[in-house]
Amino acid sequence: MAKTPKIQAGTKGTRAHFLDAMSDLEEQKSLYDPDPNLLRNGVKAGAWEGFPHDSMPPDCPITVLGMMGENVYVISATGILHEVSRWDHPTLVKLFTPHVNYLKWAFPAWTKAKIDPETEQVIPPKVDRVARDKAVEAIIAEAGRRGIFNPKDNVRGRGGWKAQDKFIWHSGTMLWSVETKTDGENKANGWDLKQSRPAEYDGIFYKRDSDTIRPWKTRVEMTESPAHGLLKDLRTWNWERPYLDPLLLLGWIASAFMGGALEVRPIVFTTGGAGVGKSTLHNFIKAVLGPALYSTANTTAAGIYQNIGQDSRPVAVDELERKGNSYKEQAIIELARQSYSGAKLYRGGSNHEGIEFELRSSFLFSAIIHPPLEHQDRTRMAILNLDKLKRDHGRQPVIKEEYGRMILRQIMDGYHDFYWHILPKWKKWLSDPRLPFDARAIDTYGTLLACCELLVGEAGMIECGLRADDMLEDAIDIDHLVDTMLEATAGDVADTKEKWQDVIERIMFTTIDQWKGGEKHTVGHVIASLEGNFFQLPEARAMLATVGLGLRDRHSPQPGYCLAIPYSSSKVDKIFEGTDYYRGGWTNALRQAPPTVALRGLEKKYMDVKINRVPQRCTIVDLAGYDAIADHDETE
């Protein structure tokens, strides 16, 4: 793409603003509530079919969802979920307001006929109040017909969601979706924006809340998207990988809008010292996402899930620094890890009742030095490193309010093709056997890059630094992409290790508290000395026994020596004190090792090893098998 596309303006931009104004007028009209004595669609008060409790009245402004125990769950006329166990007149008014006249029309209580003292004419009965018992009967009967409703499983808040194959954006006061037409190749070729009040959809209730951001009212073509300008702005930061990192971050912005509509929500962590522009970058992203973003610089995991609740809004945490002996940062990272796949969290409440959370938010972190990250954390995130800004960096980019709305509309229109074509394509590309990615890494990088393509296309990604295919126009060179990803993620892959590898490495680096030849040896050094004929087997066994480990001789059962690690041992506990492997956790981790390392199916006589004269059931680790995998990793 030779030049930056022009952002939608002119007639299309004017039409979008006009449609905004018309939408506001329609919302105001919906508040009209005529006198209860007037006919509604030709029907007199209390004369609708099914009165009083065989069905709900026509065009009813409330929605009964069901019941659980003594509670009935109702969506009020204002779109708020109510849990009702006590029924009185104020409760009914709260449910139906601002349509109180409708309540009286549907369940009328009449005045008595009177004689006008001046004209001596009969004044017919009029509706002047609510027949409360009839209204309550109708609502409870409808709840019984609807069945059990669990608000923990069936309620969604603001943000992006997926219902069947459709993307739904819940802005807070409105639900938005795009009706898509498709061609013979199942690609979208028609788009119609729809809006409705928060209500029940496909068995899920979307609860009303304060408004965040609404999609742009007219279709935004890729050639007129502000995403190209945002990508250009992101490239002004001094990234370690300028050809890739801006693409990943732009992809995260798109994923932040999608939230619960994604199968996984990749985590992005920006790092760098003072003066690299991390806080400015956060402000840049806040300006794009607007009120949809929950942004904070000093919080706890509880603070996040209590503020997010049932929303799928994105979360940005600035200054999540590494701190000694602090578990607050680890709890937040664990929360992001759970949100990645949408796992449910259970926490105790102040009233001794369990509280259930299911986060589906995209997380963005920044820090000078990130906290310690486990293997399961690294495969769920992209770490983007920043260097100091150049002197000619210039002023902070200006983000207009409509940019986020336009990008949201792009996502809504493009979700069908993203789900069926773009994302599967990127997962296929990153599954190339030349890349060392596991399934989770493929999901992480594939989702971010697919989201980026949704906004700027392959041509926009090529303009950032990916190589174009010589044979195809505006298409990425796949072989070069593989080489690029291999080089770009080499450090990330090197920093990750499986749990079983971590266990064996910790054991190998354990220092034996015993002097030998004027020095203290590690477990790994003792084994190497034995294999080099510097130690004898009884001598090596005695030294390893001081830390609770055993040794099997050559050809018993493997050609080389085998390390025997007890299933449980107070001495081995000391090696893993303060880690996830404490109190026997190392045994479960070793079960995940390849069978060439942690041997399987052995006879009992090989698994029972005497350590300090006491027979102990052990995991038998073939040291030659472990070395083969370790040597292979080093040559990758």
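Sequence order sets the numbering: in each chain, residues are counted from 1 along the sequence as written. For this predicted model, a pLDDT threshold of at least 70 governs which residues receive local features, and a threshold of 80 or more governs which side-chain atom pairs are given and counted, while totals over whole chains, interfaces and linings are taken from all residues. Heavy atoms throughout the structure, all of them, feed into the side-chain values; hydrogens and water do not.

Glancing now at the overall build of the protein chain. Counting from the N terminus, the helices are DSSP H or I runs at least four residues long and the strands are E runs at least two residues long. Across its full length, the protein chain holds 21 helices and 27 strands. Buried residues are those whose accessible area, probed at 1.4 Å on protein chains only, stays under 20% of the maximum for their type, while exposed residues exceed 50% and partly exposed ones sit between those limits. The buried share of the protein chain, taken over its 636 residues, is 50%. Here, two residues are considered to be in contact whenever any of their heavy atoms come within 4.5 Å of each other. For the protein chain, the proportion of contacts with a sequence separation of at least 24, taken over those separated by at least 6, is 67%.

Turning our eyes to something else, we now look at the packing of aromatic side chains. Pairs were defined over the aromatic rings of Phe, Tyr and Trp, the Trp ring being its six-membered one, requiring ring centres within 6.5 Å. Orientation was assigned from the angle between planes: stacked under 30 degrees, edge-to-face over 60, tilted for the rest. Throughout the structure, instances matching the rule amount to 17 aromatic pairs. For the pair Trp169 and Phe257, a centre-to-centre distance of 5.8 Å together with 70 degrees between the ring planes defines the contact as edge-to-face. Placement of Trp169 in strand S10 (residues 166-170) and of Phe257 in helix H6 (residues 245-258) is noted, with a sequence separation of 88 residues between them. Take Trp169 and Phe257: they sit in the same class, and that class is buried.

For this analysis, a nonpolar core means a set of buried residues of the types Ala, Val, Leu, Ile, Met, Phe, Trp, Tyr and Cys, connected via side-chain atoms within 4.5 Å. Among the nonpolar cores identified, the biggest contains 75 residues, and Leu249, Trp252 and Phe418 are the most heavily contacted of them. Discounting chain neighbours no more than four positions away, the residues touching Leu249 are Leu234, Trp239, Val268, Leu281, Ile285, Leu364 and Leu384. The next biggest cluster of nonpolar side chains, apart from the first, holds 34 residues, and it includes Val523, Leu530, Met543 and Val547.

Moving on: the pattern of salt bridges. Just to be clear on terms, a salt bridge is a Lys or Arg side-chain nitrogen sitting within 4 Å of an Asp or Glu carboxyl oxygen. For the structure shown, the criterion picks out 27 salt bridges. Two residues, Lys425 and Glu453, come together in a salt bridge whose shortest N-O distance is 2.9 Å. Taken together, the residues span a long stretch of sequence, with Lys425 in helix H11 (residues 401-430) and Glu453 in helix H12 (residues 439-464) at a distance of 28 residues. A salt bridge links Arg434 to Asp432, with the shortest nitrogen-to-oxygen separation between them at 2.9 Å. The class of Arg434 is partly exposed, set by a relative accessible area of 42%. With relative accessibility at 15%, the residue Asp432 sits in the buried group. Salt bridges sharing partners connect three or more residues here, namely Arg158, Asp209, Asp311 and Arg313.

Pairing between strands is defined by DSSP: at least two bridges between them are needed. Overall, parallel pairing links the 5 strands, which are arranged S16-S17-S20-S15-S21 in an open sheet. Both outer strands of the open sheet, strand S16 (294-296) and strand S21 (381-385), are each paired with one neighbouring strand and no more. On average, each strand axis in the sheet is tilted by 15 degrees relative to the strand beside it, whichever way the strands run. Relative to S21, strand S15 (residues 267-271) runs parallel, the two sharing 5 bridges. When the sheet's bridge partners are listed, Thr271 is paired in S21 with Asn385. Working convention: axes come from line fits to C-alpha atoms, limited for helices to the stretch in contact. Angles between N-to-C directions cover 0 to 180 degrees. Where helix H7 (residues 278-289) meets the sheet, its contacts fall on S15, S16, strand S17 (315-317) and strand S20 (363-367), and the angle it forms with S20 comes to roughly 160 degrees. Helix-sheet contacts for helix H9 (residues 328-341) involve S15 and S20, and the interaxial angle to S20 is about 150 degrees.

Disulfides are defined as pairs of cysteine sulfur atoms found within 2.5 Å of each other. Counted by the stated rule, this structure contains 0 disulfides. Among the cysteines around Cys451, which has no disulfide bond, Cys452 carries the closest sulfur, lying 8.8 Å off. For Cys451, a relative accessible area of 0% puts it in the buried group.

Right, let's talk about H11 for a bit. To estimate how far a helix should reach, multiply one less than its number of residues by 1.5 Å. Look at H11: only 35 Å from first C-alpha to last across 30 residues, short of the 44 Å you get at 1.5 Å a residue. When the local axis directions of H11 are compared, the greatest deviation, roughly 65 degrees, occurs at Phe418. Across the 30 residues that make up H11, a large majority, 21, are buried. Bend, in this description, refers to the angle at a residue between axes fitted to the seven residues ending there and the seven starting there.

Attention now goes to the sheet that holds strand S9 (residues 159-163). Read from one edge to the other, the open sheet built from 4 strands follows the order S9-S10-S11-S12, with strand pairing classed as antiparallel. At either margin of the open sheet sits one strand with a lone partner, and together these are S9 and strand S12 (188-196). Between one strand axis and the next, the sheet turns through 25 degrees on average, direction left out of account. Alignment of strand S11 (residues 175-182) against S12, held across 8 bridges, turns out to be antiparallel. Following the sheet pairing, Glu179 is matched in S12 by Asp192.

Turning next to the environment of Tyr419. Tracing the sequence through the fold places Tyr419 in helix H11. Note on Tyr419: relative accessible area 23%, which makes it partly exposed. It is 8.8 Å that separates the C-alpha atoms of Tyr419 and Leu262, two residues lying 157 residues apart in sequence. With residues up to four places along the chain from it excluded, the contact list for Tyr419 reads Lys162, Asp165, Glu263 and Pro424.

This part is about H12. An α-helix turns once per 3.6 residues; consequently, residues spaced three or four apart project the same way. The terminal C-alpha atoms of H12, which comprises 26 residues, lie only 26 Å apart, well short of the 38 Å expected from a rise of 1.5 Å per residue. The sharpest bend along H12 measures roughly 100 degrees and falls at Val456. Within H12, 22 of the 26 residues are buried, leaving the element largely enclosed by the surrounding structure. Positioned one or two residues after H12, Gly465 has a phi angle of 150 degrees, which is positive.

With respect to the element layout, Ser76 can be found in the loop between strand S2 (71-75) and strand S3 (81-84). Of the residues examined, Ser76 reaches a relative accessible area of 2% and is grouped as buried. In protein, a polar contact requires one atom able to donate a hydrogen and another able to accept it; more generally it is a pair of N or O atoms within 3.5 Å, and residues adjacent in sequence count only if both atoms are side-chain atoms. Within polar-contact distance, the side chain of Ser76 engages the side chain of Thr78 at 2.9 Å. Residues in contact with Ser76, not counting those within four places in the same chain, are Pro61, Ile62, His82, Lys94 and Leu95.

This part is about unusual backbone geometry. Excluding glycine, most residues fall at negative phi; most peptide bonds, likewise, are trans. For the bond running from Phe51 to Pro52, omega is 5 degrees, close enough to zero to count as cis. Within the fold, Pro52 resides in the loop between helix H1 (10-29) and strand S1 (63-68). Between Thr97 and Pro98 the backbone carries a cis peptide bond, its omega angle lying at 10 degrees. Mapped onto the fold, Pro98 is located in the loop between helix H2 (89-96) and helix H3 (100-106). In the Ramachandran plot, Asn186 falls in the positive-phi region, its phi being about 60 degrees despite a non-glycine side chain. Within the fold, Asn186 resides in the loop between S11 and S12. One non-glycine residue with positive phi stands out, namely Arg613, at about 70 degrees. With respect to the helices and strands, the residue Arg613 is situated in the loop between strand S26 (608-611) and strand S27 (614-622).

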